[in-house]
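Summary of structural features
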Amino acid sequence: MASIELKQITKSFGTEENRYRVLDNVNFTSDAGEVTIITGPSGSGKSTLLTIMGALRNPDAGEVWLDGTQVNQLSSREQDHFRLDKIGFILQAHTLVPFLTVNDQFRLVDQVKSKGNLEGQQFQQLLDTLDVSQLLNQYPAELSGGQSQRVAIARGLYTKPVIILADEPTASLDENRVFRVCKLLKTAAKEQRQAVVVVTHDERMHQYADHIYELVDGHLTKQR
Ligand SMILES: Nc1ncnc2c1ncn2[C@@H]1O[C@H](COP(=O)(O)OP(=O)(O)OP(=O)(O)O)[C@@H](O)[C@H]1O
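Residues numbered from 1 in each chain as written. Predicted model: local features only at pLDDT ≥ 70, side-chain atom pairs only at ≥ 80, totals over all residues. Heavy atoms only, no water.

Let's shift gears to the pairing of strand β1 (residues 4-13). Taken residue by residue, a regular strand's side chains alternate between the two faces of the sheet. In this sheet, strand β2 (residues 20-30) lies alongside β1 in antiparallel orientation, the contact comprising seven bridges. In the sheet register, E5 faces β2, and the bridge partner there is T29. Connecting β1 to the antiparallel partner β2 that follows it, the hairpin turn spans six residues, and G14 within it adopts a positive phi of roughly 85°. Here five bridges tie β1 to strand β4 (residues 61-66), and the two strands are oriented antiparallel to one another. Residue pairing for β4: T10 is matched across the bridge by A61. (Pairing = 2+ DSSP bridges. Helix = DSSP H or I, 4+ residues; strand = E, 2+ residues; numbered from the N terminus.)

Structure below.
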């Protein structure tokens, strides 16, 4: 059973004569232990696809199966619980809560999901790998773009999700940190049997991918 399976997904935006199809009959699978990259031109629908994959948005037609559950059939409340339990998001807008310190971003997660999160040495190791241990008492406004991106990555991995969905996770990072983040995602996939899907323009990430898909004009094609 694939961790992620999308069957014949379509999605359109706009109304009546301005309606346009962003995803056209898209099929996709990703297995536990694999890193998959989705690439493609700006505006081709990659983020839309990722949000459908993460049950943040429903398709107009098709099926979204995650870890054996057809999530697009769930109520929105059930989808909320499913996401919390199973999916780690690393989104472009970073989505750190502005009035909480870095440490409290993790404590907030504990309040909504109290069990199964990283703790002790594992948590410290994650913070050290991403070089964010020294930022725990800072507020998001005090962080650089790269620092807040690294905190967002740590928070996405903190709940030990079975599925990790990342949208341009290396956009603000220098060469050395791109390398570290890629290794971290690869290790998460291999050792913790997580399915990792990354939307990226960053070709430096390609060497870490088990599979690469390209999305062009709403059509998804497997390149590798
Ligand atoms: N909520 C929405 N309502 C209307 N149109 C939308 C909405 N979300 C996305 N779109 C449109 O759908 C198309 C695909 O957008 P999307 O953000 O998925 O592309 P992308 O491939 O991720 O782009 P980029 O690489 O620039 O981030 C774009 O034309 C965008 O304007």
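Let us keep going from here.
A word on the site of the ligand. By nearness alone, 14 residues border the ligand, and S42, G43, K46, S47 and T48 come closest of all. In this structure, S44 approaches the ligand through a main-chain N or O atom, which is 3.1 Å from an oxygen atom. Residue S47 places a side-chain N or O atom 2.8 Å away from an oxygen atom belonging to the ligand. If the ligand stood free it would expose 630 Å²; the protein chains cover 61% of that surface. Looking at the shell around the ligand, the elements that each hand over two or more residues are β2 and α1 (46-53). Here the shell around the ligand takes three residues from α1, the largest share from any one element. Within the shell around the ligand, the residues separate by chemical class into four nonpolar, eight polar and two charged. (Near = heavy atom within 4 Å. Polar contact = N/O pair within 3.5 Å; in protein donor to acceptor, adjacent residues only side chain to side chain. Areas by Shrake-Rupley, 256 points an atom, 1.4 Å probe, with all protein chains shown as cover. Nonpolar A, V, L, I, M, F, W, Y, C, P; charged D, E, K, R; others polar.)

Next up on the list: empty space enclosed by the protein. Evaluation of the coordinates by the stated rule reveals one cavity of 30 Å³ or more. Among the secondary structure elements, those contributing two or more residues to the lining of the largest cavity are β3 (35-39) and α6 (175-192). In terms of residue class, the lining of the largest cavity is made up of eight nonpolar, no polar and no charged. (1 Å grid on protein atoms, 1.4 Å probe; cavity = no way out; pocket = protein on both sides within 12 Å on 5 of 7 lines; lining within 4 Å. Points joined across faces, edges and corners; volume = space filled by probe spheres on them.)

Let us now look at the packing of aromatic side chains. Applying the stated criterion across every chain, the model contains five aromatic pairs. Aromatic side chains F106 and F123 sit 5.0 Å apart centroid to centroid with 70° between the ring planes, which places their arrangement in the edge-to-face category. With F106 in helix α3 (residues 102-112) and F123 in helix α4 (residues 120-129), the pair connects residues that are 17 residues apart, well separated along the chain. A relative accessible area of 0% places F106 in the buried class. (Phe/Tyr/Trp six-rings, centres within 6.5 Å; stacked < 30°, edge-to-face > 60°. Buried < 20%, exposed > 50% of the residue type's maximum accessible area, 1.4 Å probe, protein only.)

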